[in-house]
Amino acid sequence: MARAKPAQVSGNRYQMFINGDWVDSESEEKINIVNPATEKVIASVPKASREQTKSALEAAEEAQPEWEDLAPVRRASFLHQTAQLIRRDKERLARILTSEQGKPLFEARGEIDGAASNFDYYAEFARRIEGDLLPSENPRQSIMILKLPIGVVASITPWNFPSATVARKLAPALITGNTVVTKPSSNTPLSTLEMVRLMGEAGFPEGVVNVVTGSGSDVGDELVTNRITGLVTMTGSTDAGRTIMQHASNHLPKLVLELGGKAPFIVWHDADIAWAVKCAIWARFWNCGQTCICSERMYVDEKIKDKFVPAFVRMAKDLKIGNPLESDTDLGPMVSKEERETSMSFVRKARQEGDKIIIGGDRPQSPDEGWFFEPTIIEDVKQKSPLVQDEIFGPVVPILEVDSFDKAIEYANDSKYGLASYVFTKDSTRVLKAMNQIKFGESYINQVGPEQLQGAHTGYRQSGLGAEGSRYGLECYTQLKTCYVDWNDKPSLSYLFPYKG
Ligand code: NAD
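Everything numeric here is computed off the predicted structure, so don't read it as measured data. (Residues numbered from 1 in each chain as written. Predicted model: local features only at pLDDT ≥ 70, side-chain atom pairs only at ≥ 80, totals over all residues. Heavy atoms only, no water.)

## Description of the site of the ligand
Then step 1. Taken together, 28 residues are adjacent to the ligand, and W159, S237, L259, E391 and H457 come closest.
Then step 2. In this structure, W159 approaches the ligand through a side-chain N or O atom, which is 2.7 Å from an oxygen atom.
Then step 3. G216 places a main-chain nitrogen or oxygen 3.3 Å from a nitrogen atom of the ligand.
Then step 4. Here the ligand loses 88% of its free accessible area of 840 Å² to cover by the protein chains.
Then step 5. Sorting the residues of the shell around the ligand by element identifies α7 (216-225), β10 (229-235) and α8 (238-248) as the ones contributing at least two each.
Then step 6. Counting only domains with at least three residues in the shell around the ligand, you end up with domain 1 (51-259 + 459-483) and domain 2 (263-445). (Near = heavy atom within 4 Å. Polar contact = N/O pair within 3.5 Å; in protein donor to acceptor, adjacent residues only side chain to side chain. Areas by Shrake-Rupley, 256 points an atom, 1.4 Å probe, with all protein chains shown as cover. Helix = DSSP H or I, 4+ residues; strand = E, 2+ residues; numbered from the N terminus. Domains from an automatic or database assignment.)

Here you go:
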């Protein structure tokens, strides 16, 4: 089995990785990558054609049987090696991540650690891809349920966690014997290309991992609609997930979709209020509000609103906005001008509706360049407002006052999304009520995230299909196969037919 070559990246001109080779676009078209803190172009990547995307899928298809044939512990050794190399290059990778995406460096370091841990965590499943051995209805027969690779996996990732989301897909797909073609977001492809460069160094055989860069509607669509693809695993917006589902209906690949969120954050009077304030800051302003599990609407008990809200506002005002590469920066820029404009348009509409903007709502006075946006807190918002119903995905949060815990749960569940939720209360009955009645795939109770490797990341309603993380995430990459085996010395059909054979 030939081994993939290490990356050829000349200066800041990146290439794609197809069948163990670093290649340009056939058309020589490229996509410029812009640092959101400076608005300067920092690199370029090729714009793949549909033909190139097809050839990546064909390479993955050809490499798959040999990859499947390796013992899982052998496959695991490539994953462990990748984790080690990611840790070796942590600082460099974190700086690249911050430069293309905008999150503060300390957050980027955490994300790189998370990416490495995903490779180790799933490598440890090499001895635990467990099927079932079941008794039969008949003597001397066995039933075995195997978990086999699906074949070729198409992985499609967003810009907000460009290292962690791709690692969370590649690691379980590969350990279970699948090969992969992955497509990063056009805003942040460098982190994926750098990770795959390390996978080349780790010695993955050629064709096992491929990266194509380009738009969702073209490269992404080819990945979804090509019959070679056995599973599409996509993390992104609910709208894109819906389009993928429609386009996939033609040849019906399996789908794992991790989509949008609108996390409710409930604070009750019996909570540790000072702790809840700190957690509320983290839950909303982490990654400048661009996280699918970010708190997107707060329901505050009327009894403590006058204590909680001013403390929350004070802490939000103290957040230091600035160059995300500097160590004392709390809040970097948003990823793009378009994303900032989307958040700003929510605030403009809120102003027109007469909602009370307590702080923020605009770009800060400094820095002069970059797509920065102030922490924005809005009060007296109605449950049916777009601020409460639609995903904002920026540092903007509406606060609603509620007078009963049941009402808070009812409001929390009144959403098309169902990904993450937060509840702060010290009362055990309320904790149990929240655990059972809040219909969201994740509940953080008296704590915040991020989600951990062993937890299942999954959503109700329009937040997606399937799961990521945990053994349940791993199982999404396997095909169940049931084998009925007869081991009678003298097999007989008598149990099947009402006559003697
Ligand atoms: P997006 O939907 O615009 O893009 C995500 C990826 O899908 C990109 O690579 C894009 O090119 C691709 N894509 C878009 N349309 C496609 C199509 N028709 N066919 C194939 N591929 C297509 O999302 P984004 O703006 O990059 O990321 C932000 C969104 O992602 C938010 O809604 C956020 O909630 C969500 N998100 C969800 C999770 C989760 O785990 N549930 C995690 C992170 C982000």
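## A short note on the packing of aromatic side chains
Then step 1. For the structure shown, the criterion picks out 17 aromatic pairs.
Then step 2. Geometrically, the ring pair formed by F78 and F204 is tilted, given 5.2 Å between the ring centres and 35° between the ring planes. Here F78 is found in helix α2 (residues 72-88), whereas its partner F204 is found in the loop between α6 (190-202) and β9 (209-211), with 126 residues between them in sequence. An identical accessibility class is assigned to F78 and F204; each is buried.
Then step 3. Ring geometry for Y121 and Y122: centres 4.9 Å apart, planes at 75°, overall edge-to-face.
Then step 4. Site record: aromatic cluster; members linked through ring pairs are F265, Y422, F424 and Y444.
Then step 5. If you follow K103 out to its NZ or CZ, it ends over the ring of F161, 3.7 Å from the centre. (Phe/Tyr/Trp six-rings, centres within 6.5 Å; stacked < 30°, edge-to-face > 60°. Buried < 20%, exposed > 50% of the residue type's maximum accessible area, 1.4 Å probe, protein only. Lys NZ or Arg CZ within 6 Å of the ring centre and 35° of its normal.)

## Points about the domain arrangement of the protein chain
Then step 1. Each assigned domain of the protein chain is listed here: domain 1 (51-259 + 459-483) and domain 2 (263-445).
Then step 2. Computed from C-alpha coordinates alone, the two centres of domain 1 and domain 2 are separated by 31 Å.
Then step 3. The interface is formed by 24 residues belonging to domain 1 together with 24 residues belonging to domain 2.
Then step 4. When domain 1 packs against domain 2, the two sides together hide about 2,000 Å² of surface, and 55% of this comes from carbon and sulfur.
Then step 5. Ranking the residues of domain 1 by area buried against domain 2 places W159, Y460 and R461 at the top, with a combined share of 29%.
Then step 6. If you look at where domain 1 meets domain 2, you find zero salt bridges.
Then step 7. Taken together, the connections running from domain 1 to domain 2 amount to twelve residue pairs in polar contact (both at pLDDT 80 or more).
Then step 8. Per-element accounting of the side of domain 1 that touches domain 2 gives the leading share, five residues, to helix α3 (residues 90-101). (Contact = heavy atoms within 4.5 Å. Buried area = accessible area lost by both parts, 1.4 Å probe. Salt bridge = Lys/Arg side-chain N within 4 Å of Asp/Glu carboxyl O.)

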